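What follows is the residue order along each chain.
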Amino acid sequence: MKIIEGDFATPKGRFAIVAGRFNSFVVESLVQGARDTLVRHGVKDDAIDLIRVPGAWEIALAAYKVANNGKHVAVIGVGAVIRGGTPHFEYVAGEVSKGLAQAAFNSGVPVAFGVLTVENIEQAIERSGTKAGNKGSDAAMAAIEMVNLYAKL
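Caption draft 1: Structural context of unusual backbone geometry. Notably, Asn-23 is not glycine yet its phi reads approximately 60 degrees, a positive angle. By the secondary structure assignment, Asn-23 is in the loop between β1 (15-20) and α1 (24-40). Of the residues examined, Asn-23 reaches a relative accessible area of 16% and is grouped as buried.

Laid out in structure tokens, this is it:
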């Protein structure tokens, strides 16, 4: 059996980080985690585009546009949806998840999911660089691995 999988070698090509500005106190840490991870794995800083959108809802649409522009080898979506007292959380969290998946499927470009969908601010802080790691960094790692996998397929 031949096993084909991605690795964490320096990937070739441009990466895009699409970041929602809403909940920026958390999202900025996710952006920095994604950027730092890409750079640590050999991606030049000038090969990273940061696209800012108003909030999590808009991440998927911008990611779709970027994934289909032919300029990027991967897109990393980062944002934070924090549960409140209304059903708004379910709508936004569900749609950004589906939208990022659609962007990947329709474009054939890896789209990594670094959007926090959490119950409270404490969980968001934990997942943006403290106790539970940095989910922006995790998404960048997934993007690197998928770009390198695609190169082997």
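Caption draft 2: Representation of the packing of helix α2 (residues 56-67) against helix α3 (residues 88-107) within the structure. Between α2 and α3, the least distance of the axes is 8 Å, while the angle of their chain directions is 5 degrees. Compared by their axis directions, α2 and α3 come out roughly parallel. Residue-level inspection shows Ala-56, Trp-57, Ile-59, Ala-60, Ala-63, Tyr-64 and Ala-67 of α2 in contact with α3, the latter providing Tyr-91, Val-92, Glu-95, Val-96, Gly-99, Leu-100, Ala-103, Asn-106 and Ser-107. Residues that form the contact of α2 with α3 fall into these classes: 12 nonpolar, 3 polar and 1 charged.

Caption draft 3: Representation of the pairing of β1 in the model. Extensive coverage of β1 is indicated by the burial of 6 of its 6 residues. Burial of the side chains of β1 extends over both faces: Phe-15, Ile-17 and Ala-19 are buried on one face and Ala-16, Val-18 and Gly-20 on the other. In this fold, β1 hands off to α1, which returns the chain to strand β2 (residues 48-53); that crossover is right-handed. For β1 and strand β3 (residues 74-82), the ladder comprises 5 bridges, and the chain directions are parallel.

Here is what the cut-offs are and how they apply
- Each residue is numbered by its place in its chain's sequence as written, counting from 1.
- Two thresholds apply to this predicted model, a pLDDT of at least 70 for residue-level local features and 80 or more for giving and counting side-chain atom pairs, whereas whole-chain, interface and lining totals are computed over all residues.
- The basis for every side-chain value is the complete set of non-hydrogen atoms in the structure, without hydrogens or water.
- Every helix listed is a DSSP run of H or I at least four residues long, and every strand listed is a run of E at least two residues long, numbered separately from the N terminus.
- Note on exposure labels: buried denotes an accessible area under 20% of the residue type's maximum, exposed denotes more than 50%, and partly exposed covers the range between, all computed with a 1.4 Å probe on protein chains only.
- Fitted lines through C-alpha atoms give the axes, limited to the stretch in contact for helices. The angle between two N-to-C directions lies from 0 to 180 degrees.
- Note that the term roughly parallel is reserved for angles under 35 degrees, roughly antiparallel for angles over 145, roughly perpendicular for angles of 65 to 115, and oblique for everything else.
- We call two residues in contact whenever any of their non-hydrogen atoms come within 4.5 Å of each other.
- Note on residue categories: nonpolar means Ala, Val, Leu, Ile, Met, Phe, Trp, Tyr, Cys or Pro, charged means Asp, Glu, Lys or Arg, and polar means any other residue, Gly included.
- For the handedness criterion, the strands are oriented away from the viewer, and a crossover whose path from the first strand over the helix to the second runs clockwise is classed as right-handed.
- Strands pair, by our definition, only if DSSP identifies at least two bridges between them.

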